[in-house]
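Structural overview for review
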Amino acid sequence: MPRRIAVDLAVPHRAVLGEGPRWDAAHARLLWVDIEAGELHVFDPRSGGDRALPLGGRVGAVAPVSAGHALVALARRLAIVDLDDGSLDPVVEIPHDDDRRLNDGACDARGRFWIGSMALDERPGGGALYRYANGALDLVLEQVSLSNGLGWSPDGRTMYYVDSPEGCIHAFDFEVDAGTIANRRIFVEIDGGTPDGLTVDHEGGVWIALWGGSSVRRYTPDGMLDAIVDVPAAKVTACCFGGDDGGTLYVTTASRDLTPEERQAQPHAGCVFAADPGVTGPPAQPFACGPHVA
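Residues numbered from 1 in each chain as written. Predicted model: local features only at pLDDT ≥ 70, side-chain atom pairs only at ≥ 80, totals over all residues. Heavy atoms only, no water.

What follows covers the overall build of the chain. The secondary structure content of the chain amounts to one helix and 25 strands. For 294 residues, the compact-globule estimate of 2.2 N^0.38 gives 19 Å, and the chain sits close to it at 17 Å. Dimensions along the principal axes, computed over C-alpha positions, put the chain at roughly 45 × 45 × 40 Å. Counting only residues that meet the buried cut, the chain has 58% of its 294 residues in that class. Of the contacts formed within the chain by residues at least 6 apart in sequence, a portion of 47% connects residues at least 24 apart. A total of about 11500 Å² of accessible surface is found on the chain, and carbon and sulfur atoms cover 48% of it. (Helix = DSSP H or I, 4+ residues; strand = E, 2+ residues; numbered from the N terminus. Rg over C-alpha atoms; globule rule 2.2 N^0.38 Å. Buried < 20%, exposed > 50% of the residue type's maximum accessible area, 1.4 Å probe, protein only. Contact = heavy atoms within 4.5 Å. Areas by Shrake-Rupley, 256 points an atom, 1.4 Å probe, with all protein chains shown as cover.)

What follows concerns the sheet that holds strand β11 (residues 100-107). Where strands meet in a sheet, backbone hydrogen bonds hold them as pairs that are either parallel or antiparallel. Spatially, four strands are ordered β11-β12-β13-β14 in an open sheet, and the strand pairing comes out antiparallel. Edge positions in the open sheet fall to β11 and β14 (136-144), since each of these has one partner strand only. Each strand of the sheet is rotated relative to its neighbour by a mean of 20°, with strand direction disregarded. Here strand β12 (residues 113-119) runs beside strand β13 (residues 127-133); their pairing, made up of four bridges, is antiparallel. Bridge pairing links G116 to L129 in β13. (Pairing = 2+ DSSP bridges. Axes fitted to C-alpha atoms, helices over the stretch in contact; angles between N-to-C directions.)

Further remarks concern the side chain of T253. Along the chain, T253 falls in strand β24 (residues 248-253). Separated by 2.8 Å, the side chain of T253 and the backbone nitrogen of G270 make a polar contact. Side-chain polar atoms of T253 contact the backbone oxygen of C271, separated by 2.8 Å. Not counting residues within four places of it along the chain, the set of residues in contact with T253 comprises L17, G18, V231, A233, K235, V236, T237, H268, A269, G270, C271 and F273. (Polar contact = N/O pair within 3.5 Å; in protein donor to acceptor, adjacent residues only side chain to side chain.)

Ordered by their spatial adjacency, four strands build an open sheet running β7-β8-β9-β10, and the pairing between neighbours is antiparallel. Of all strands in the sheet, those with a lone pairing partner are β7 (59-66) and β10 (88-93), marking the two edges. Looking at each pair of strands side by side, their axes are set apart by 25° on average, direction ignored. Both strand β8 (residues 69-74) and strand β9 (residues 77-82) contribute to a ladder of five bridges, which runs antiparallel.

A word on unusual backbone geometry. In this structure, A28 is a non-glycine residue whose phi angle is positive, near 50°. Relative to the helices and strands, A28 is located in the loop between β3 (18-24) and β4 (29-34). The backbone of N134 shows a phi angle near 50°, a positive value even though the residue is not glycine. Mapped onto the secondary structure, N134 falls in the loop between β13 and β14.

Assignment of secondary structure puts K235 in the loop between β22 (225-230) and β23 (236-242). Within the local environment of K235, its side chain forms a polar contact with the backbone oxygen of R256, the two atoms lying 2.6 Å apart. The contacts of K235, once residues within four sequence positions are left out, are W211, G212, T253, A254, R256, D257 and L258.

If you want it as C-alpha cells, here you go:
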C-alpha cells in the first residue's frame, strides 16, 4: 500500500488558478503564479508573507533569474519581470495567435527554458512545446493538446513530460549538453484524476499533481505508486521541492469553476499547501540563457 502524506496550509491566498511553484534557493523564497488572475506571487516562508505582482494578463510559468528578477511566461511571450515594481522586459515572442497561451515551463540543468502551450478552448493538438536559450526559440514538439508538467531525473538523462489529455506521464531520453529529446515512451498511466504539474526528487521519484484527484502521487523510477499526498482541494495543479534542506513539498491548487457547494466544502481551494514528503528534492534550476542572469 502506498504511504499517505498530509499537508498543512502554507499560503492562505485563494488563487483562481494557482500553478507553477518554483523554489528559488539562492533567495529562500517560493515563486508561483495565478494564471487567470495574471499574478506572480513571491512567498517568504520565514515571515509567512506572500506578495502578488500583477502582470496585466495571463501568466503560465515562472523561473528564478536573480535577486531582483524572474523569467515569466505570459500568454504570447517570455519576459523578465522586475520583482520590485513588476515592470516587464520582453525576451521573445511566441509564434501563436491570441486563441492560445503559454502554460507550464521549467529550466533544464543548463538553464535553458522549456515552455509549453495550449489552446484556450483546449482543443486537441492546439499546443506545442518550445525550448528557449540565448535568443533562439526552438519548436520541440507539435500537436500537443495541453502542455503541462516537465522535469528531469537526477542524472539528467531522462525528461518527464505531461500532455494532460493523454492521461499519462511520458519519458524521453535527454541529452544534457545539446538539450535534445528522443525515444518517447509512457512512464506511467494515470487514473483517478488528470495529470498536471510534476517534480522529481533526489531519489528519482516522480511526483505528479492530479487535477480533479485531490492529491499528489509519487511514482518510483520504475513506475510503481509509492506515496499519495492528500490535498483538501479537488483541483491540484503542481508541486515542487523547497525549503532550506529541500525537504518541503509545496503544492498549488485552483478554485476555478467550483460550484457554491464545492466552494463551501473546499474552503482552501486555490491555496498553496506544504507537506513533509519523507524525501528531499532539488530547487528550481535558474534561467541562465538570457538577460539579467545572476
